[in-house]
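Single-letter residue listing:
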Amino acid sequence: MNETAPSATADSLAVGGAVWLQSGDATLGGAARIALLAAIRDNGSITAAAKAVGMSYKAAWDAVDTMNNLAGEPLVITASGGRGGGGTTLTSAARRLIETYQAVEREHRKFLQQAGMAMEGFTRDWQLIGRLGMKTSARNQLAGKVTKVTRGAVNDEIELGLPGGQTIVAVVTHESSESLGLKEGSEAFALIKASWVMLMEDAPAKISARNQLRGTVASVTKGAVNAEVTLTLDDATTVTAIITNRSADTLGLAEGQKAVAVIKASSVIIGVND
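Residues numbered from 1 in each chain as written. Predicted model: local features only at pLDDT ≥ 70, side-chain atom pairs only at ≥ 80, totals over all residues. Heavy atoms only, no water.

### Examining the overall build of the protein
To be explicit about the condition: Starting at the N terminus, helices and strands are each numbered in turn, a helix being any DSSP run of H or I of at least four residues and a strand any DSSP run of E of at least two. Buried, partly exposed and exposed residues are distinguished by accessible area as a fraction of the type maximum, computed with a 1.4 Å probe on protein chains only: under 20%, between the cut-offs, and over 50%, respectively. Whether two residues are in contact is decided by their heavy atoms: any pair within 4.5 Å suffices. In this description, accessible areas are obtained by the Shrake-Rupley approach with a 1.4 Å probe, and a residue is regarded as covered only by the protein chains that are shown.
Summing up its helical and strand segments, the protein has 7 helices and 16 strands in all. Each of the 274 residues in the protein was classed as buried or not, and the buried ones make up 33%. A separation of at least 24 residues holds for 58% of the contacts in the protein among residues at least 6 apart in sequence. For the protein, the exposed area adds up to about 15800 Å²; of that, 51% sits on carbon and sulfur atoms.

### Quick word on the pattern of salt bridges
Put simply, the rule is: Put simply, a salt bridge is a Lys or Arg side-chain nitrogen that is within 4 Å of an Asp or Glu carboxyl oxygen.
This model, assessed by the stated rule, comprises 9 salt bridges. The residue D62 makes a salt bridge to K58 at a minimum N-O spacing of 2.9 Å. Placement of both D62 and K58 in helix 3 (residues 57-71) is noted, with a separation of 4 residues, approximately one turn of the helix. The class of D62 is partly exposed, set by a relative accessible area of 35%. Its salt-bridge partner being E157, residue R210 comes within 2.7 Å of it at the nearest N-O pair.

### Some remarks on the environment of G252
Summarising the element assignment, G252 is placed in the loop between helix 7 (245-251) and strand 15 (258-263). Overall, G252 belongs to the partly exposed group, its relative accessible area being 41%. Sequence spacing of G252 and E201 is 51 residues, and the spatial spacing of their C-alpha atoms is 9.1 Å.

### Quick look at the sheet that holds strand 10 (residues 187-192)
Going by this rule: Strands are treated as partners if at least two bridges between them are detected by DSSP. A fitted line through C-alpha atoms serves as each axis, taken over the contacting stretch for helices, and the angle formed by two N-to-C directions is quoted from 0 to 180°.
An order of 9-8-7-10-16 is seen for the 5 strands of this open sheet, with the pairing classed as antiparallel. The sheet is open, and its two edges are formed by strand 9 (167-173) and strand 16 (269-271), each paired on a single side. The average angle at which neighbouring strand axes cross in this sheet is 45°, direction not considered. With 5 bridges joining them, strand 7 (residues 140-150) and strand 8 (residues 155-161) adopt antiparallel strand pairing. By the bridge assignment, V146 is partnered in strand 8 with L160.

### Thoughts on the sheet that holds strand 15
In spatial order, the strands read 11-15-12-13-14; together these 5 strands make up an open sheet with antiparallel pairing. Pairing within the sheet leaves two strands with one partner each, and these edge strands are strand 11 (198-201) and strand 14 (238-244). Pairwise comparison of adjacent strand axes, ignoring direction, gives a mean angle of 45° for this sheet. The sheet contact formed by strand 13 (residues 226-232) and strand 14 spans 7 bridges and is antiparallel.

### Thoughts on the environment of E157
This is how the line gets drawn: Whenever a nitrogen or oxygen atom comes within 3.5 Å of another N or O atom, the pair is scored as a polar contact, on the condition that within protein one atom can donate a hydrogen and the other can accept it, and that pairs from neighbouring residues in sequence are kept only if both atoms are in side chains.
As for its position among the elements, E157 is in strand 8. We classify E157 as partly exposed; its relative accessible area is 28%. Residues E157 and T173, 16 residues apart in the sequence, show an inter-C-alpha distance of 8.6 Å. Ignoring sequence-local partners within four residues, the contact set of E157 consists of K148, V149, T150, V169, A170 and R210. A polar contact of 2.7 Å, which involves the side chain of E157, links it to the side chain of R210.

Laid out in structure tokens, this is it:
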């Protein structure tokens with residue numbers, strides 16, 4: 001017995017699986033083949049059994065031959081002539097095979113039901129696991145929800161709501177927007193290289209950059225030429241910028257100081273979890 005790995009959708013998470021029987025490395029029977037055997041048992045005819053399970057006559061015979069060969073003993077016996085024009089019956093081995101499969105399948109269904117109950121409400125955690133496993137060279141990875149999509153002839157403007165209430169806007173091609181399935185309410189994340197983030201004082205200013213994320217300086221780490229500055233936007237979100245030491249000194253950046261991360265919409269890459 002084997003179970004398939006669980007898969008997540010945008011709406012819910014469910015546990016799925018299948019049962020099949022093996023003879024050595026070869027698959028003796030799964031749901032389709034066992035259903036064919038059961039139909040032969042019930043109908044006494046391969047023709048009627050094939051019709052009952054939605055299988056062609058040839059495919060049914062091929063399946064029977066395969067099962068007989070893999071089992072190493074006859075499972076299906078056919079008789080020709082006679083009052084009823086012949087018939088098809090199952091051997092005792094085939095009948096035991098059906099009973100064994102059905103018993104295992106019942107236990108498997110119970111397992112899936114219990115596993116599904118244990119995973120109730122786990123969808124968001126599963127999506128989070130997917131994001132945590134993502135590897136990218138972009139330093140800033142901001143998760144959020146699409147709050148607005150403005151369609152254009154060539155490019156679309158995607159507005160992503162961040163956990164703390166601020167928003168970030170990205171400009172992506174219409175083709176990319178369609179292939180990612182971006183729509184209002186869908187989960188997505190923004191990728192931004194630290195070198196694409198500019199910083200300025202938290203004071204009124206008119207600039208062309210669409211994104212202005214306000215926060216508090218959490219750390220300033222200086223190198224030989226550049227400084228790495230991390231800005232806390234809220235309890236769960238930070239943005240890191242790489243700027244020159246001279247710029248950091250000019251702005252007087254220090255831990256606890258209010259600042260604004262400035263990011264052009266064209267510098268924001270949008271991604272989604274499969």
